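Analysis of the macromolecular model
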Amino acid sequence: MEAITQTTEDGTELDTKILMETVKEHIDLPKETEQVSGCKPTEDAVKKSSVQQVKQVQKPVKKTANGQTLLDVSKGNITIKSSGATGGGTSSETSLNPLGYRIIGKTTSYYIKVEAGVTTDITLDNVSVTSNSGSKNCMDVSHANVTITLAGNNMLSCGIQNYGALVKDGMDKTELIIQCEHAGEKGHQCDKDTCGSLQAKGTEMHATAIGNIIANRTVKEESGFSNLTIKGGIINAQAGEHNCAIGAACGSYANGGIDTKQYAKNIRIEGGIITAKGGTLCAGIGGGKVTPVDGIYITGGTVYASGGKYSPGIGSGGAETTESEWEKTPEGFNVSNIVISGGSTLVKAVGDKNTSMPGIGCGKYGTKTPGTATNICAVPDSGYQGYIQDGTSENRV
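The notes below deal with the structure included here. (Residues numbered from 1 in each chain as written. Predicted model: local features only at pLDDT ≥ 70, side-chain atom pairs only at ≥ 80, totals over all residues. Heavy atoms only, no water.)

**Let's talk about the overall build of the protein**
A count of helices and strands for the protein gives three helices and 30 strands. Across the 397 residues that make up the protein, the buried fraction comes to 53%. Across the protein, every contact between residues at least 6 apart in sequence was considered, and the portion connecting residues at least 24 apart equals 74%. (Helix = DSSP H or I, 4+ residues; strand = E, 2+ residues; numbered from the N terminus. Buried < 20%, exposed > 50% of the residue type's maximum accessible area, 1.4 Å probe, protein only. Contact = heavy atoms within 4.5 Å.)

**Structural notes on the sheet that holds strand 28 (residues 346-350)**
Taken in spatial order, the eight strands make up an open sheet running 7-10-13-16-19-22-25-28, and their pairing is parallel. This sheet does not close on itself; its edge strands, each paired only once, are strand 7 (106-107) and strand 28. Pairing between strand 25 (residues 302-306) and strand 28: five bridges, direction parallel. Across the sheet, residue V303 finds its bridge partner in strand 28, namely V347. (Pairing = 2+ DSSP bridges.)

**Quick look at the sheet that holds strand 5 (residues 84-87)**
The strand order across the open sheet built from ten strands is 5-4-8-11-14-17-20-23-26-29, with neighbouring strands paired in mixed fashion. Edge positions in the sheet fall to strand 5 and strand 29 (360-361), since each of these pairs with one other strand and no more.

**Some remarks on the pattern of salt bridges**
In this structure the tally under the stated criterion is six salt bridges. As a salt-bridge pair, K309 and E320 come within 3.2 Å of each other at their nearest N and O atoms. In this pair, K309 sits in the loop between strand 25 and strand 26 (314-315) while E320 sits in the loop between strand 26 and strand 27 (335-342), placing the two residues eleven residues apart along the sequence. (Salt bridge = Lys/Arg side-chain N within 4 Å of Asp/Glu carboxyl O.)

**Things to note about the pairing of strand 15 (residues 176-180)**
Of all five residues in strand 15, five are buried, a share of seventy percent or more. Taking every second residue as pointing to the same face, both faces of strand 15 are buried, with L176, I178 and C180 on one and I177 and Q179 on the other. Both strand 15 and strand 18 (residues 225-230) contribute to a ladder of three bridges, which runs parallel. Bridge pairing links I177 to T229 in strand 18.

Pasting the structure below:
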């Protein structure tokens, strides 16, 4: 007799040969069937019956070769909780997978969310999430500790005003890490042929690429952006108008009298190839409109950053000359602790040419520069040269 195994949600293998014996003892056939024909349940019938009972009680959770739970965003919203994952084409888990989750699929309807307080690893494997309707982000990891590993080509695109592509709200101690599959390999340098990629886009005004969202900026605990580390991957980020590509959203510091005084803090780039293009009045990396910055540390990789109107490539966002209310909040333009170091690190930062902005520094309020820039420096490793050269075009960086 052939034994068939089924894997349950907790990974336990069930031997249907044993189950068959149990089913034989409990299955009820009509008495007349046995009396007239002497009929007994066949082996195949018992196998089918037992397997069906197993499936009704516990649906299998798919696992990848490395033990991560496989989720498909094309089959429904994915939520990762402290009790495990739900949605994405799988039955709900009973506990969080310590090895993490591998997400696949393409969707224009569903989203990915990691709940607050969760610590988990996620591999994005050729994922495409586009959100153009409703009130939702493509992927939200706010108040969670999440490491995202990029495999293949991934895209998160948000066309909903005030929402975002890859969202991390607030300035708590939680951390978001983005890396390629080769992170940790000694001497590895990312390139487009061997490393996974992420395209994060805000395609509507006030849509975030990577950072916090405008929808929550008036709530102090949800405003501002902090603790991002990029260890590798090919990352292209471009926000909608009035938002920076990577950093704190427009108005995180002050917004129409509701001043949360939040900002961009502790953004670290250790590797990868990163391209960040800021929207109007916003930096490429750092702050959105009138949003200060404290701490951008680039120790490796290749970084291309460009700013929008009245804004630098790396630093704080600017404001229009006609918006006189910003004269009362000059600290909203401040920038501190932008440090570039390492050996093969390359940073090309380009300020807005039409408004004569520097590559790295403070955003302007029209022609005025009310903010203060402190500790902006290049500190190369021994044997390397380091320099910072302001520029308003790629030819003058």
